[in-house]
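Remarks on the overall topology
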Amino acid sequence: MRKVWITADVLAKRLKEGGKSGIVELACNEFLTPNAVDLADLRHVTVKRATPAAVPKALNGKPDAAPKVDRIAKAAPKTAIGLVLDRPTEKVRGLVDAMFRDGVPLADYTLETCWIRNTRALCAAVAAGELVGGVVIRPYAVEAVMLANKVRGIRAVQGTTRAAVAAALRQFKANVLVVEHAVSTFHEIRVLLATFAAGLAALVESNPLLNAVAELERSA
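These remarks concern the structure in this document. For every chain, the first residue of the written sequence is number 1, and numbering continues from 1 onward in sequence order. Where local features are concerned, this predicted model is filtered to residues with pLDDT of at least 70; where side-chain atom pairs are given and counted, the filter is 80 or more; whole-chain, interface and lining totals use all residues. Hydrogens are left out, water is left out, and the side-chain values use all remaining heavy atoms of the structure.

1. Looking at the sheet that holds strand S9 (residues 176-180)
Strands sit in the order S6-S5-S7-S9-S8 across an open sheet of 5 strands; the sheet is parallel. Bordering the open sheet on either side are strand S6 (106-108) and strand S8 (156-158), each of which pairs with just one other strand. Strand-to-strand twist in this sheet, taken as the mean axis angle between neighbours without regard to direction, amounts to 25 degrees. In the sheet, strand S5 (residues 81-85) pairs with S6 via 3 bridges, with the strands oriented parallel. Its bridge partner being in S6, Gly82 is matched across the sheet by Ala107. At least two bridges found by DSSP between two strands are what make those strands a pair. Runs of E in the DSSP output that reach at least two residues are strands. Runs of H or I that reach at least four are helices, and both are numbered from the N terminus. Axes, fitted as lines to C-alpha atoms, cover a helix only where it is in contact. Angles between the N-to-C directions of the axes lie from 0 to 180 degrees.

See the structure below:
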């Protein structure tokens, strides 16, 4: 089951809708962003989590596949950007919260402790057209760039400057961005991600040729 992040704005809305109970219940796959945690503490809110539903047993005694859960909030799958985090710092966690506030449609692909498996899953989803693009945020970029570019249909680049990211989108339609959080500031990373997200949205809206090429790549 993939994570769904609840921002401070979403939490505030739920609290308003719930009246004066001072209690908010999260689904088993919902998690509060750092700002939402601060809001809950400020308002002395009790946060409860729903119990995961039991997975049905198959006839052979092995569990059946868990029911499919929509992992994307406020976005159709083909317009969402997949996100993988590796050893995130408080700076990175705050950045994710800011991306939600900016309205960036994110899908969480940080499902395991291994960034390699997470990145491969992310790239597979991008190549299959399930996501419009992907972002990997880890201390250093070179390994992730190398790995991602081994996946057919992936055009991964390292985010260095706004101009470089814009050029990568314009010149060869980059669809995965890798950012180094060990050497970049909060503001620098936020600018890179905003540039990438805006560029992907423009490509989806205005590039039918690229969409046709991507479909042919998937069916080849």
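2. Digging into unusual backbone geometry
Notably, Arg87 is not glycine yet its phi reads approximately 50 degrees, a positive angle. In this structure Arg87 comes out as exposed when scored by relative accessible area, which is 55%. Located in the positive-phi region is Lys173, a residue other than glycine, with phi close to 55 degrees. Mapped onto the elements, Lys173 comes out in the loop between helix H6 (162-172) and S9. Burial classes: relative accessible area under 20% of the type maximum marks a residue as buried, over 50% as exposed, and values in between as partly exposed (1.4 Å probe, protein chains only). Judged by relative accessible area, which is 23%, Lys173 ranks as partly exposed.

3. Comments concerning the packing of aromatic side chains
Any pair of aromatic rings gets described here by the distance separating the centres and the angle formed by the planes. Put simply, two rings from Phe, Tyr or Trp (the six-membered ring, in Trp's case) pair if the centres are within 6.5 Å, and we call them stacked under 30 degrees between planes, edge-to-face over 60, tilted for the rest. Applying the stated criterion across every chain yields a total of 0 aromatic pairs. The ring of Trp115 is capped by Arg138, whose NZ or CZ atom sits 3.8 Å from the centre of that ring. Distance and angle both matter: a charge sits over a ring if NZ of Lys or CZ of Arg is within 6 Å of the ring centre and within 35 degrees of the ring normal.

4. Some thoughts on the environment of Leu32
Of note, Leu32 is situated in strand S3 (residues 30-32). Expressed as a C-alpha distance, the spacing of Leu32 and Val47, which sit 15 residues apart in the sequence, is 9.6 Å. Ignoring sequence-local partners within four residues, the contact set of Leu32 consists of Trp5, Ile6, Leu11, Leu26, Val37 and Val47. The criterion used for residue contact is that any of the two residues' heavy atoms lie within 4.5 Å.

5. Points about helix H3 (residues 90-101)
For H3, built from 12 residues, the straight-helix expectation of 16 Å at 1.5 Å per residue is met to within 8% by its first-to-last C-alpha distance of 17 Å. Along H3, the positions that sit buried rather than exposed are Val92, Leu95, Val96, Asp97, Ala98, Met99 and Phe100. Just beyond H3, the residue with positive phi is Gly103, at close to 85 degrees. Helix span, expected: 1.5 Å multiplied by one less than the number of residues in the helix.

6. Quick notes on the pattern of salt bridges
Salt bridges are defined by distance alone: a side-chain nitrogen of Lys or Arg within 4 Å of a carboxyl oxygen of Asp or Glu. Under the definition given, this model contains 4 salt bridges. Two residues, Arg87 and Asp86, come together in a salt bridge whose shortest N-O distance is 3.1 Å. For Asp86, a relative accessible area of 7% puts it in the buried group. Between Arg117 and Glu112 there is a salt bridge; the shortest N-O distance is 2.5 Å.

7. A look at the pairing of strand S7 (residues 133-138)
In terms of burial, S7 is largely enclosed, as 6 of its 6 residues are buried. Sheet topology places S5 next to S7; 5 bridges connect them, and they run parallel. Bridge assignment links Gly82 to a residue of S7, and that residue is Gly134. Sheet analysis places S7 next to S9, joined by 5 bridges and oriented parallel.

8. Considerations on the nonpolar core
In this structure, Ile81, Val135, Ile137, Leu177 and Leu193 are the most contacted members of the largest nonpolar core, which totals 27 residues. For this core, the secondary structure elements donating two or more residues are S5, H3, S7, H6, S9 and helix H7 (186-206). Ignoring sequence-local partners within four residues, the contact set of Ile137 consists of Leu83, Val84, Leu85, Asp86, Val92, Leu95, Val179, His181 and Leu193. Grouping buried Ala, Val, Leu, Ile, Met, Phe, Trp, Tyr and Cys residues that are joined through side-chain atoms within 4.5 Å yields what is termed a nonpolar core.

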